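Now for the letters of each chain:
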Amino acid sequence: MTDVTLGSVRVRVGVLISGRGSNLAALMEAAQDPGYPAEIVLVLANAPGAGGLEIARQADIAAVAIDHRPFKGDREAHERAIDAALRGAGVELVALAGYMRILTPWFVQAWRGRMINIHPSLLPHFPGVDTHARALAAGHDRHGCTVHWVTEGVDAGPVIGQADVPVLNGDTVETLAARVLTAEHGLYPQCLAQAARELRDAANFKPSR
Ligand code: GRF
């Protein structure tokens, strides 16, 4: 790419998913705006049946399953295959969107400062799983979601943004999860844009292609 100011470059994003891909869909919709600072160039799933793969394919976005099962517990070998696919597609920033595998330190290090995640709680409350049930059990009156940079600790990296929702009388895990998910779909595109701008504006950023 020649003669472009970095201000017009769209950061190349790879999205890692494991399931239905509703956050992926929200990111894809935001990225349809030509002024959005990121474009989704690859969707990878560890589960061949992940619904998000089909969402991506219908929009003509490259979407590939790299099944973890043939790697027989060698998590790093699986991640090396994912890493090769990301780099092969010229990915510059990784967005985890419901990717349900704990990452090895090797992968986290390989993408340090270039990988973000969405987590369904107001971190530092409730890292890990079952966040909605735990928020209800704790009697919190606010709950929500967080987008953060990924570091070695589980759900522990620097926060990019948060969105909160009320916990209402009579809420169940399902009603609360649905309210948080709607907030996720608003938050993640904003935070991906912010992360992409930060990356693009960093002094050492060179577009991969
Ligand atoms: C979301 O709640 C996200 O916060 C969590 O996994 C869920 C993924 O949902 N990490 P979807 O696949 O984006 O619909």
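Above this text sits the structure in question.
Now for a description of the structure that goes with this document.

Rules used throughout
Residues numbered from 1 in each chain as written. Predicted model: local features only at pLDDT ≥ 70, side-chain atom pairs only at ≥ 80, totals over all residues. Heavy atoms only, no water. Helix = DSSP H or I, 4+ residues; strand = E, 2+ residues; numbered from the N terminus. Rg over C-alpha atoms; globule rule 2.2 N^0.38 Å. Buried < 20%, exposed > 50% of the residue type's maximum accessible area, 1.4 Å probe, protein only. Contact = heavy atoms within 4.5 Å. Areas by Shrake-Rupley, 256 points an atom, 1.4 Å probe, with all protein chains shown as cover. Lys, Arg positive; Asp, Glu negative; His and termini not counted. Charge placed at Lys NZ, Arg CZ, Asp CG, Glu CD. Axes fitted to C-alpha atoms, helices over the stretch in contact; angles between N-to-C directions. Parallel < 35°, antiparallel > 145°, perpendicular 65-115°, else oblique. Left-handed = near helix turned anticlockwise from the far one by under 90°. Nonpolar A, V, L, I, M, F, W, Y, C, P; charged D, E, K, R; others polar. Pairing = 2+ DSSP bridges. Near = heavy atom within 4 Å. Polar contact = N/O pair within 3.5 Å; in protein donor to acceptor, adjacent residues only side chain to side chain. 1 Å grid on protein atoms, 1.4 Å probe; cavity = no way out; pocket = protein on both sides within 12 Å on 5 of 7 lines; lining within 4 Å. Sits in = over half its atoms within 2 Å of the grid points. Phe/Tyr/Trp six-rings, centres within 6.5 Å; stacked < 30°, edge-to-face > 60°. Lys NZ or Arg CZ within 6 Å of the ring centre and 35° of its normal.

### A look at the overall build of the protein chain
Thought 1: Looking only at helices and strands, one finds six helices and seven strands in the protein chain.
Thought 2: The C-alpha atoms of the protein chain give 17 Å as radius of gyration, which agrees with the globular expectation for 209 residues (17 Å, within 12%).
Thought 3: C-alpha atoms of the protein chain, sized along the principal axes, occupy 55 × 40 × 35 Å.
Thought 4: Here the protein chain holds 209 residues, and the buried ones make up 47% of them.
Thought 5: Counting contacts in the protein chain only where the partners sit at least 6 residues apart, residues at least 24 apart contribute 64% of the total.
Thought 6: Of the roughly 10000 Å² of accessible surface on the protein chain, 53% is carried by carbon and sulfur atoms.
Thought 7: Of the side chains in the protein chain, 19 bear a positive and 22 a negative charge, and the two mean positions are spaced by 4 Å.

### Describing the packing of helix 1 (residues 22–31) against helix 6 (residues 173–201)
Thought 1: The contact between helix 1 and helix 6 brings their axes to 9 Å, and the two run at 45 degrees. The pairing of helix 1 with helix 6 is recorded here as oblique in orientation. Here helix 1 runs over helix 6; the crossing is right-handed. From helix 1, Ser22, Asn23, Ala26, Leu27 and Ala30 reach across to helix 6, where they touch Leu181, Glu184, His185, Tyr188, Pro189 and Leu192.
Thought 2: Of the residues in the contact of helix 1 with helix 6, the class split is seven nonpolar, three polar and one charged.

### Here's the deal with the sheet that holds strand 7 (residues 159–166)
Thought 1: Reading across from one edge, 3-2-1-4-5-6-7 is the order of the seven strands in this open sheet, with mixed pairing throughout. If you trace the sheet from one side to the other, it starts and ends with strand 3 (63–65) and strand 7, each paired once. Averaged over all pairs of adjacent strands, the angle between strand axes in this sheet comes to 20 degrees, irrespective of strand direction.
Thought 2: Relative to strand 6 (residues 142–149), strand 5 (residues 115–119) runs antiparallel, the two sharing four bridges. Within strand 6, the residue paired with His119 across the bridge is Thr146.

### Observations concerning the site of the ligand
Thought 1: As a structural note, the neighbourhood of the ligand is formed by Arg20, Gly21, Ser22, Asn23, Gly98, Ile118, Pro120 and Glu184.
Thought 2: A distance of 2.8 Å separates an oxygen atom of the ligand from a polar atom in the backbone of Asn23.
Thought 3: Burial of the ligand by the protein chains amounts to 87% of its free accessible area of 360 Å².
Thought 4: When each cavity is represented as a set of grid points, the ligand is found to reside in the largest pocket.
Thought 5: Split by residue class, the shell around the ligand holds two nonpolar, four polar and two charged.

### Notes on the packing of aromatic side chains
Thought 1: Counted according to the given criterion, the structure contains one aromatic pair.
Thought 2: The positively charged end of Arg80 is found above the aromatic ring belonging to Trp106, 4.1 Å away from the centroid.
Thought 3: A cation over an aromatic ring shows up here: Arg87 above the ring of Trp111, its NZ or CZ 4.3 Å from the ring centre.

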